Amino acid sequence: MIYVYWGGNMELDIGQVCREAGSVVCFDVSEQIPGFLFGTDNLSFKTPLHIQIKVQNSGKFLLVQGTIQTELVATCARCLEEFIYPLDLRYEDEWVARDLASEDQKETALLFDKDVIEIGDRILEQIVMALPMKFICSPECRGLCPYCGVNRNMAKCECQDKEPDPRFAALTAWRSEN
Ligand SMILES: [Zn+2]
Ligand SMILES: [Zn+2]
């Protein structure tokens with residue numbers, strides 16, 4: 001009923017639902033997928049991508065609605081520690097059969113040709129749009145000491161009176177610009 005392979009690919013078999021107005025089909029997919037590069041961050045998935053999708057034939061188009069849940073492993077821009085970044089997103093699209101689409105829909109809608117819709121790219125887009133410019137492990141994260149580089153969430157240091165170590169000062173400045 002559903003076949004999933006990931007290289008950004010996720011095909012839903014809509015052969016039945018697209019033939020009968022009013023009909024509904026649901027998909028529940030869990031897929032462990034490889035990480036990806038987001039800006040300068042290497043993101044990996046701590047838990048499988050879990051997608052619950054309802055496809056409903058409105059008579060004019062397929063309404064595709066659902067949720068996307070997973071946990072990413074991200075690196076905090078302040079303290080450089082890895083942490084879990086949970087995602088719980090709502091997702092909604094309208095798909096139209098190419099041979100039934102109006103001229104307007106051909107410009108703007110998502111079109112399908114056969115008995116499958118390929119939602120992998122759309123799912124990945126939703127995830128990417130939900131990601132922050134900067135990953136911060138917690139609003140209270142105190143970051144690295146610009147003097148000695150110690151993680152100030154975990155340890156105290158006595159650096160305030162010293163000259164900053166230029167290596168750590170540069171890193172801190174670079175991190176806060178990016
Ligand atoms: Zn942090
Ligand atoms: Zn220090």
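Residues numbered from 1 in each chain as written. Chains lettered and ligands numbered in written order. Predicted model: local features only at pLDDT ≥ 70, side-chain atom pairs only at ≥ 80, totals over all residues. Heavy atoms only, no water.

This paragraph deals with the overall build of the protein chain. What the protein chain contains, in helices and strands, is three helices and ten strands. Listed N to C, the secondary structure of the protein chain is β-β-β-β-β-β-β-β-α-β-β-α-α in terms of helices and strands. Taking all 178 residues of the protein chain together, 37% fall into the buried category. When contacts within the protein chain are restricted to residue pairs at least 6 apart in sequence, long-range pairs at least 24 apart make up 56% of them. Accessible area of the protein chain: about 10,800 Å², with a carbon and sulfur share of 50%. (Helix = DSSP H or I, 4+ residues; strand = E, 2+ residues; numbered from the N terminus. Buried < 20%, exposed > 50% of the residue type's maximum accessible area, 1.4 Å probe, protein only. Contact = heavy atoms within 4.5 Å. Areas by Shrake-Rupley, 256 points an atom, 1.4 Å probe, with all protein chains shown as cover.)

Looking at the metal site, the zinc ion (ligand 2) is ligated by Cys145 (SG), Cys148 (SG), Cys157 (SG) and Cys159 (SG), spaced 2.2 to 2.3 Å from it. One can describe the donor arrangement at the zinc ion (ligand 2) as tetrahedral, given that its four donor atoms subtend angles of 104 to 114° at the metal. Sequence spacing of the donor residues for the zinc ion (ligand 2), all on one chain, is C-x2-C-x8-C-x1-C. Pair noted here: cysteine 145 is in the loop between α2 (120–130) and α3 (166–177) and cysteine 157 is in the loop between α2 and α3, with a separation of twelve residues, a long-range link. (Donors = N, O, S within 2.8 Å, 3.2 Å for Na, K, Ca; no water. Tetrahedral: all angles 85-135°; square planar, octahedral: opposite > 155°, others 65-115°.)

Excluding glycine, residues mostly have negative phi values, and the peptide bonds linking residues are mostly trans. A positive phi angle, close to 65°, is found at leucine 80, a residue other than glycine. For leucine 80, the position within the fold is in the loop between β7 (62–75) and β8 (82–97). On the basis of relative accessibility, which here comes to 32%, the residue leucine 80 falls in the partly exposed class.

Further remarks concern the coordination of the zinc ion (ligand 1). Bound to the zinc ion (ligand 1) on the protein side are Cys76 (SG), Cys79 (SG), Cys137 (SG) and Cys141 (SG), at distances that span 2.3 to 2.4 Å. Here the zinc ion (ligand 1) is ringed by four donor atoms whose angles at the metal span 105 to 115°, and the overall shape comes out tetrahedral. Between the donor residues of the zinc ion (ligand 1), the gaps in sequence give the motif C-x2-C-x57-C-x3-C. Of this pair, cysteine 79 sits in the loop between β7 and β8 while cysteine 137 sits in the loop between α2 and α3, and the two are 58 residues apart along the sequence. The exposure class of cysteine 137 is partly exposed, given its relative accessible area of 31%.

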